[in-house]
Amino acid sequence: MARKSSPPGRTVPPAKGSAAEPADAKKAPTLASLRGEIDRIDKELVTILNRRASIATQIGQVKNTNGLEIWSAAREEEVLAKVLGASQGPLPQDTLRLIFRELMSGTRALQRTLRVACLGPKYSYSYLAAVAKFGEAVEHVTVGSIAAVFEEVNRRHVQFGIVPLENSTDGRIADTLDMFTKLPNVKIRAEVRLRIHHCLLGRCEWSQMRRVYSKSQALSQCRNWLGKNLPQAAKVEVVSTAAAAELAQREEYAGAVASKPAAQAYRLNVLAENIEDQANNLTRFAVIAETPEARTGRDKTTLMARLPNEVGSLAKSIAPLEKLGVNMTWIESFPMPTGSGDKDPAYLFFLDIEGHVTDPQVQKAIEAVRKRCERLDVLGSYPRSEIIES
Ligand SMILES: O=C(O)C(=O)C[C@]1(C(=O)O)C=C[C@@H](O)C=C1
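Labelled according to an unreviewed UniProt entry, the chain appears under the name Bifunctional chorismate mutase/prephenate dehydratase, originating from Paludisphaera borealis. Reading the Function (unreviewed entry) entry of the UniProt record for the chain gives the comment "Catalyzes the Claisen rearrangement of chorismate to prephenate and the decarboxylation/dehydration of prephenate to phenylpyruvate."

Dropping the structure here:
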């Protein structure tokens, strides 16, 4: 609204409390009054959070009585979607997501503390993906290999595991696909799509660095940068990026390609950030468990197909998908582990299709594909997930 102007050359201040004085000038909030308001809101928030926690405790009792599982990817996705959809305020969606992730992690822990295995040590990317999915209020069990994550789930030492499936720069993670061939009863319950930003960590100058440790995939994702900036340093593959940070902590003239949180955890300096060759570097992780996930209506299903070694078998096997209008979003070929005595190894294909295994159209498609395969395993149906920025 335009303000009335005074005659030129004569500025008369409005009388205190007069209509000419803007109401908000009188009541300009002070820092103390605003902080008082925040304190009042926080009190209300704590009351509401505890009310939510009491309800979650009751839900836990109902689950116990009915033998239901504590964690539900489907339900947590639903909660997040409703919260993000309802928000109209200035809080960014990523911030809300983080708040609710920890909120659900905390309320879940009131029902039961879950054990989640991942390739460690702590602050590996698998660990960061596990925190992104389950929050901090779970027991994070770090193990020494991807195979060990599967074994922990299979032996029921943990309720869930998290393993990398594929990377946008580097492709499939062979160790994970190999374990699905060995333990096809292990199910995918959720996916985590995590943006990966690598850092060069160390304690010496770049020019003094003699060795750079990292996981093979991380070294490969930064190959150009490392070649250009650290040509003198040997690139040494180790089991995980966090293990690399651990080694770099012990050796003065060594560095590691690892995550930024790993720098803090292993008391290393971040010598360079975002050293990945492709800016959109993304890894898709799978949450694995012994039990299947419920339908959300925004789901994906992963299949593992063994095909006869014949001309056109792949094209024939996936033809029913198009006919039934089922969209395929991923396909990866994988040679069958040897030992069968075959001269030419048979090929396995990993496929993602849209929809849940309980959707009638998806069921029809799976049965039609199954008829054209030597063997077909449904590795799981789970909610499609958003990209999480790390
Ligand atoms: O809805 C449930 O089943 C709950 O237990 C509540 C809740 C939540 O805090 O919102 C907690 C854990 C589940 O994984 C999903 C949601």
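Asker: Looking at this structure, how should I read the sheet that holds strand 14 (residues 347-354)?
Answerer: Sheet strands line up and pair through hydrogen bonds in the backbone, either parallel or antiparallel. The strand order across the open sheet built from 4 strands is 13-14-12-15, with neighbouring strands paired in antiparallel fashion. Each edge of the sheet is formed by a strand with only one pairing partner; in this case those strands are strand 13 (328-335) and strand 15 (375-383). Shown here is a sheet whose adjacent strand axes are inclined to one another by a mean of 15 degrees, direction ignored. Here strand 13 runs beside strand 14; their pairing, made up of 7 bridges, is antiparallel. Each bridged residue has a counterpart across the sheet, and for tryptophan 330 the counterpart in strand 14 is aspartate 352.

Asker: I tried to follow the UniProt feature "site: Essential for prephenate dehydratase activity" (unreviewed entry) in the chain on my own but got confused; where do I start?
Answerer: Mapped onto this structure's residue numbering, the UniProt feature "site: Essential for prephenate dehydratase activity" (unreviewed entry) falls at Thr283. Structurally, threonine 283 is set in strand 11 (residues 282-289). Residue classification places threonine 283 among the buried positions, given that 25 C-beta atoms sit within 10 Å. Non-local contacts of threonine 283, meaning those with residues more than four positions away in its chain, are made with Tyr125, Pro164, Asn167, Leu194 and Ile196.

About the cut-offs
Residues numbered from 1 in each chain as written. Predicted model: local features only at pLDDT ≥ 70, side-chain atom pairs only at ≥ 80, totals over all residues. UniProt positions renumbered as here; feature names shortened; annotations may be inferred. Pairing = 2+ DSSP bridges. Helix = DSSP H or I, 4+ residues; strand = E, 2+ residues; numbered from the N terminus. Axes fitted to C-alpha atoms, helices over the stretch in contact; angles between N-to-C directions. Buried ≥ 20, exposed ≤ 12 C-beta atoms within 10 Å, placed from the backbone. Contact = placed C-beta atoms within 7 Å.

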